[in-house]
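# Analysis of the macromolecular model
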Amino acid sequence: LEATGLVRYVANKGYTVAPHLSASEKVAMMDARLVLEVAAVRRAAELGDPSVPRHLRELLEGQREATSRLGGSAGEQQKDALREYLKIDHSFHDGILHGCGNQFLFRLAATLDPQAQRMRQSFVNGIPDAEDVLKEHSAITEAIAKGDPDAAEQAMRHHLERVLRLSLTQAD
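Residues numbered from 1 in each chain as written. Predicted model: local features only at pLDDT ≥ 70, side-chain atom pairs only at ≥ 80, totals over all residues. Heavy atoms only, no water.

### Comments concerning the overall build of the protein
Counting secondary structure elements, the protein contains 7 helices and 2 strands. When the helices and strands of the protein are read in sequence order from the N terminus, they spell out β-β-α-α-α-α-α-α-α. Classification of the 172 residues of the protein by burial places 44% in the buried group. For the protein, long-range pairs separated by at least 24 residues make up 76% of all intrachain contacts whose partners lie at least 6 apart in sequence. In the form shown here, the protein has an accessible surface area of approximately 9,300 Å², with 54% of it arising from carbon and sulfur atoms. (Helix = DSSP H or I, 4+ residues; strand = E, 2+ residues; numbered from the N terminus. Buried < 20%, exposed > 50% of the residue type's maximum accessible area, 1.4 Å probe, protein only. Contact = heavy atoms within 4.5 Å. Areas by Shrake-Rupley, 256 points an atom, 1.4 Å probe, with all protein chains shown as cover.)

### Here we look at the side chain of R162
Residue placement: R162 occurs in helix α7 (residues 149-169). What makes R162 buried here is its relative accessible area of 13%. Those residues in contact with R162 that lie beyond four places of it in its chain are D129, D132, V133 and E136.

### Brief notes about the side chain of D129
Its place among the elements puts D129 in the loop between α5 (113-120) and α6 (130-145). Look past the residues within four positions of D129 in its chain and what remains in contact with it is R162, V163 and L166.

### As for the confidence of the model for the protein
Chain-level statistics for the protein give a pLDDT mean of 87 and a share of 85% at 70 or above. The least confident element of the protein is strand β1 (residues 7-10), whose mean pLDDT is 66; the most confident is α6, at 97. (pLDDT = per-residue confidence, 0-100.)

### A word on the pattern of salt bridges
Once the charged atoms of two side chains with opposite charge are near each other, the side chains can pair. Counted according to the given criterion, the structure contains 11 salt bridges. In this structure, the salt-bridge partner of E142 is R57, at a minimum N-O distance of 2.9 Å. One end of the pair, E142, is in helix α6; the other, R57, is in helix α2 (residues 51-70), and 85 residues separate them in sequence. Residues participating in the shared-partner salt-bridge network are R42, E46, D150, E153 and R157. (Salt bridge = Lys/Arg side-chain N within 4 Å of Asp/Glu carboxyl O.)

### Some details on α7
For an α-helix, the turn length of 3.6 residues means that residues three or four places apart are oriented alike. Helix length check: α7 (21 residues) gives 30 Å between terminal C-alpha atoms against 30 Å at 1.5 Å per residue, within 8%. Buried residues of α7: P149, A152, A155, M156, H159, L160, R162, V163, L164, L166 and S167, and no others. Its side-chain oxygen 3.2 Å from the backbone nitrogen of D150, D148 forms the N-cap of α7. (Expected span 1.5 Å × (residues − 1). Polar contact = N/O pair within 3.5 Å; in protein donor to acceptor, adjacent residues only side chain to side chain.)

### A word on the nonpolar core
Judged by nonpolar contacts, the single largest core of 35 residues is most densely connected at I96, I140 and I144. The element contributing the most residues to this core is helix α1 (residues 23-47), with 10 residues. When neighbours within four sequence positions are excluded, I96 is seen to be in contact with A40, V41, A44, L56, I140, I144 and M156. Judged by nonpolar contacts, the second largest core, of 7 residues, contains A66, A81, I127 and V133. (Core = buried A, V, L, I, M, F, W, Y, C linked by side-chain atoms within 4.5 Å.)

### Side note on empty space enclosed by the protein
One pass over the full model with this rule turns up 2 cavities of 30 Å³ or more. Counting residues per element, the ones that place at least two in the lining of the second largest cavity are α1, α3 (76-99) and α5. Among the elements that line the lining of the second largest cavity, the one with the most residues is α3, at 4 residues. For the lining of the second largest cavity, a count of residues per class yields 5 nonpolar, 2 polar and 5 charged. (1 Å grid on protein atoms, 1.4 Å probe; cavity = no way out; pocket = protein on both sides within 12 Å on 5 of 7 lines; lining within 4 Å. Points joined across faces, edges and corners; volume = space filled by probe spheres on them. Nonpolar A, V, L, I, M, F, W, Y, C, P; charged D, E, K, R; others polar.)

Structure representation (structure tokens):
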């Protein structure tokens, strides 16, 4: 776990849970995601495999349903909706990485997963941008479906940069 950055070893104390990512760590992690995911989304659009946008549309439907439950009363149902939303969000991005035809991009992106999970922890008050994410994921999906790598790249870049800006405003 130490190699993932989720825990840190402290001399004479043992292992402790790593603190939330700092602003500079968030910027660096999102920079790496931009490099990998922009390349992946371009390739997915260029490949033109119809199963990729079909899978992404299925995930979007699930994410819409989870989003509709995010505004409910606090409690276990709210936590379940949040977990489901985040799981689908992760699956959406993985779907693009799988669909790009380059297993090495997927493997490299997988090394960022623990840090991405830590970044998601910065959203302490739920998902304030769920509707924006749905629109952005839809734009990414449609650009892939149309085989438009420039639009796919622009949509992914916009999405990840906006998520970073929001993350930097969240209290840790």
